[in-house]
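Here is how the chains run, residue by residue.
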Amino acid sequence: MGIVLRNGRILNEAGELVKRDILIEHNRIAKIAELLDSEGHEVIELAGKFLSAGLIDVHVHLREPGFEAKETIETGANAAVHGGFTTVACMPNTRPVIDSVEIVRSILDKASAAGKARVLPYGAITQRQLGKELTDFAALKAAGIFALTDDGVGVQSSAMMKKAMQQAKEHGLSIVAHCEDDDLLIPGAALHDGITAARHGLPGIPSESESIHVGRDILLAEQTGVHYHVCHISAKESVRLVRDGKRAGVNVTAEVSPHHLLLCDEDIPDDLDARWKMNPPLRSKEDRAALLAGLKDGTIDMIATDHAPHTEEEKAKGLERAPFGIVGSETAFPLLYTHLVLTGELTLAELVAKLTVKPAEIFGLPYGRLAEGELADLTVIDLESEREIDPARFASKGRNTPFAGWRCKGWPVLTIVDGKVVYQQEKEEE
């Protein structure tokens, strides 16, 4: 017996919403048609709701092993499917770091046991993310890593980064970089070096601390031929460098996070609540405009949440002592749909592509496509449903978001991974 998704609306090639039924057999999309015979199959009535390929997030922090009070693989994977994400890639800044075959296998086993979102672990570029000795790329790849990154810290040595790129190219792996030059950072700086930091007399994090590494790494990627991907791009100078790199034929791609598209440093309230503290920080209005322009013209290839849960106790320590990061898995689509699609900045088709097709294409993933014969990773979204973002409703352990209270439309209500229903809003609310 298969599953018939009845009366969903999908995007056609022209970007228009058209009503279709979808038959899932085993773990594949067996047929898409205006009307399907449902005899012998389970029927799920969608009543005109939007049906998309499952969303893909190439940047989440699941915190396990080592920081289970913040999040676990199970709670993070559950948060992902609540947000419509069927595949997530988890960062290696855990304790121990994801720098060994044993840790990779443990993460994959726990994700499989959770049975929610598909979890693809990153492997660390350097042992313990210390920037001094490369990990065993071949062994990590054989164990099942997604790509290589030291996210959480930048690789400070140019020679080490070049060596990493050379070896990654040999093994067919992507280098994914948190771009931050530590020499340009002031201890205790928590905000962008801009208007809000100046108004409060606080040290700031300069844009060039990011863009210098972006420029360096693009040159190294040109030399080595590796696929180089920029994490959570935030500065207008970084966007310019990526654009120039693409024009020069360098295999460089980039992601942007929802909070950098929707907020700037001037939005931070005067109480300097640490829920607004993230790295990279919220930058200027001009930076935000450059990010949106880069997303629209293809310089920035995809959207990734940088879901970074922390405990309430940690975030209550104040701006200087609280850790960087906000959660994002469960709010990304409604925020982006409400504030970019409904405002006319992006079409629905453009937004969906940045969350499905583009990350799949760039990282060679067999997901993110809604077509007959493809894997049945699917997300159903109620584009008319409107409600406030309420952290108390999150499946994530993290509640750290600056978006609490924002009213949004476009909430995921059903998520299917590998042909299995892993989240259904109506059942959970009964």
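This text gives an overview of the structure that appears in the document. A quick note: this is a predicted structure, and the numbers were derived from the prediction, not measured.

Turning our attention to the nonpolar core. Counting residues in each nonpolar core, the largest one holds 91 residues, and the members touching the most others are Ile175, Tyr228 and Leu261. Among the elements that line this core, the one with the most residues is helix 11 (residues 332-341), at 7 residues. Leaving out residues up to four positions away in the same chain, Ile175 has contacts with Ile125, Leu148, Met161, Ala164, Met165, Ala168, Val226, His227, Tyr228 and His229.

Here we come to the pattern of salt bridges. Where side chains of opposite charge bring their charged atoms close, a pairing between them can arise. This model, assessed by the stated rule, comprises 15 salt bridges. Notably, a salt bridge pairs Arg199 with Asp270, separated by 2.9 Å at the nearest N-O pair. In this pair, Arg199 is assigned in helix 5 (residues 195-199) and Asp270 in the loop between helix 8 (258-262) and helix 9 (285-297), connecting sequence segments 71 residues apart. For Arg199, a relative accessible area of 46% translates into the label partly exposed. Take Asp270: its relative accessible area is 52%, and that puts it in the exposed class.

This brings us to the sheet that holds strand 6 (residues 55-60). Ordered in space as 6-7-8, the 3 strands form an open sheet in which the pairing is parallel. Since the sheet does not close on itself, it has two edges, and those belong to strand 6 and strand 8 (118-121), each with one partner. Averaged over all pairs of adjacent strands, the angle between their axes in this sheet comes to 20°, without regard to strand direction. As defined by bridge partners, strand 7 (residues 85-90) adjoins strand 8 across 4 bridges and the pair is classed as parallel. Directly across from Thr87, in strand 8, lies its bridge partner Arg118.

Here Glu64 and Pro65 are connected by a cis peptide whose omega angle stands at 10°. Here Arg95 and Pro96 are connected by a cis peptide whose omega angle stands at 5°. In this structure, Pro96 sits in the loop between strand 7 and helix 2 (101-114). At Asn7, a position not held by glycine, the phi torsion is positive, near 60°. Secondary-structure assignment places Asn7 in strand 1 (residues 3-11). Its identity as a non-glycine residue notwithstanding, Leu272 has a phi of 55°, on the positive side. Tracing the sequence through the fold places Leu272 in the loop between helix 8 and helix 9.

Okay, the sheet that holds strand 14 (residues 252-256) next. The strand order across the open sheet formed by 5 strands is 9-10-13-14-15, and the pairing between neighbours is parallel. With partners counted over all chains shown, the strands left at the sheet margins are strand 9 (148-149) and strand 15 (302-303), one partner each. Relative to strand 13 (residues 228-230), strand 10 (residues 175-177) runs parallel, the two sharing 3 bridges. Each residue of the ladder has a partner; that of Val176, found in strand 13, is His229.

When you line up the elements, Ala254 lands in strand 14. Since its relative accessible area comes to 0%, Ala254 is described here as buried. Distance in space between the C-alpha atoms of Ala254 and Ala159 is 22 Å, their sequence separation being 95 residues. Those residues in contact with Ala254 that sit more than four places away from it in its chain are His229, Val230, Ile233, Val242, Thr299, Ile300, Asp301 and Met302.

Before going further, it helps to examine the packing of helix 7 (residues 236-247) against helix 9. One can describe the packing of helix 7 onto helix 9 by two numbers: an axis separation of 8 Å at closest approach and a directional angle of 25°. Put simply, helix 7 runs roughly parallel to helix 9. The two elements helix 7 and helix 9 cross, and the hand of that crossing is left-handed. Residues Lys236, Glu237, Val239 and Arg243 of helix 7 lie in contact with helix 9, whose contacting residues are Glu286, Asp287, Ala290, Leu291, Ala293, Gly294 and Asp297.

Take the packing of aromatic side chains next. The final tally for this structure, using the stated rule, is 4 aromatic pairs. With centroids separated by 4.8 Å and ring planes inclined at 90°, the aromatic side chains of Phe403 and Trp406 adopt a geometry described as edge-to-face. Here the aromatic residues Tyr122, Phe146 and Phe363 are joined through ring pairs into a cluster of three or more. Positioned above the aromatic ring of Phe67, the side-chain terminus of Lys70 is 5.8 Å from the ring centre. Across the ring face of Phe324, the terminal group of Lys277 is positioned such that the distance to the ring centre comes to 4.5 Å.

Further remarks concern helix 12 (residues 348-355). For helix 12, the full list of buried residues reads Leu348, Leu351, Val352, Lys354 and Leu355. The buried residues of helix 12 occupy an angular sector of 160° when projected down its axis, which confines them to one face.

Here we take up helix 11. In terms of burial, helix 11 is a largely internal element, 9 of the 10 residues being buried. What helix 11 keeps buried is the set Ala332, Phe333, Pro334, Leu335, Leu336, Tyr337, Thr338, Leu340 and Val341.

One can find Asn93 in the loop between strand 7 and helix 2. Within the structure, the side chain of Asn93 is placed 3.0 Å from the side chain of His61, a separation counted as a polar contact. Not counting residues up to four positions away in its chain, the partners in contact with Asn93 are His61, Arg63, Phe67, Gln129, Asp151 and Gly152.

Next up on the list: the state of the cysteines. What we call a disulfide is simply a covalent bond connecting the sulfur atoms of a pair of cysteines. Evaluated as defined, the whole model comprises 0 disulfides. No disulfide involves Cys179; its nearest neighbouring cysteine sulfur is the one of Cys231, lying 7.3 Å away.

Burial analysis of strand 14 places 5 of its 5 residues in the buried class, which makes it a mostly covered element. With burial as the criterion, each face of strand 14 is covered, one bearing Val252, Ala254 and Val256 and the other bearing Thr253 and Glu255. Sheet analysis places strand 13 next to strand 14, joined by 3 bridges and oriented parallel. Across the sheet, the residue bridging to Val230 is Ala254, located in strand 14. Note on the crossover from strand 13 through helix 7 to strand 14: the handedness is right-handed. Looking at chain direction, strand 14 and strand 15 are connected through 2 bridges and run parallel. Bridge assignment links Glu255 to a residue of strand 15, and that residue is Met302.

Analysis parameters
Residues numbered from 1 in each chain as written. Predicted model: local features only at pLDDT ≥ 70, side-chain atom pairs only at ≥ 80, totals over all residues. Heavy atoms only, no water. Core = buried A, V, L, I, M, F, W, Y, C linked by side-chain atoms within 4.5 Å. Buried < 20%, exposed > 50% of the residue type's maximum accessible area, 1.4 Å probe, protein only. Helix = DSSP H or I, 4+ residues; strand = E, 2+ residues; numbered from the N terminus. Contact = heavy atoms within 4.5 Å. Salt bridge = Lys/Arg side-chain N within 4 Å of Asp/Glu carboxyl O. Pairing = 2+ DSSP bridges. Axes fitted to C-alpha atoms, helices over the stretch in contact; angles between N-to-C directions. Parallel < 35°, antiparallel > 145°, perpendicular 65-115°, else oblique. Left-handed = near helix turned anticlockwise from the far one by under 90°. Phe/Tyr/Trp six-rings, centres within 6.5 Å; stacked < 30°, edge-to-face > 60°. Lys NZ or Arg CZ within 6 Å of the ring centre and 35° of its normal. Arc of directions from axis to C-beta. Polar contact = N/O pair within 3.5 Å; in protein donor to acceptor, adjacent residues only side chain to side chain. Disulfide = S-S within 2.5 Å. Right-handed = clockwise from strand over helix to strand, strands pointing away.

Shape is all these values report; function is a separate question.
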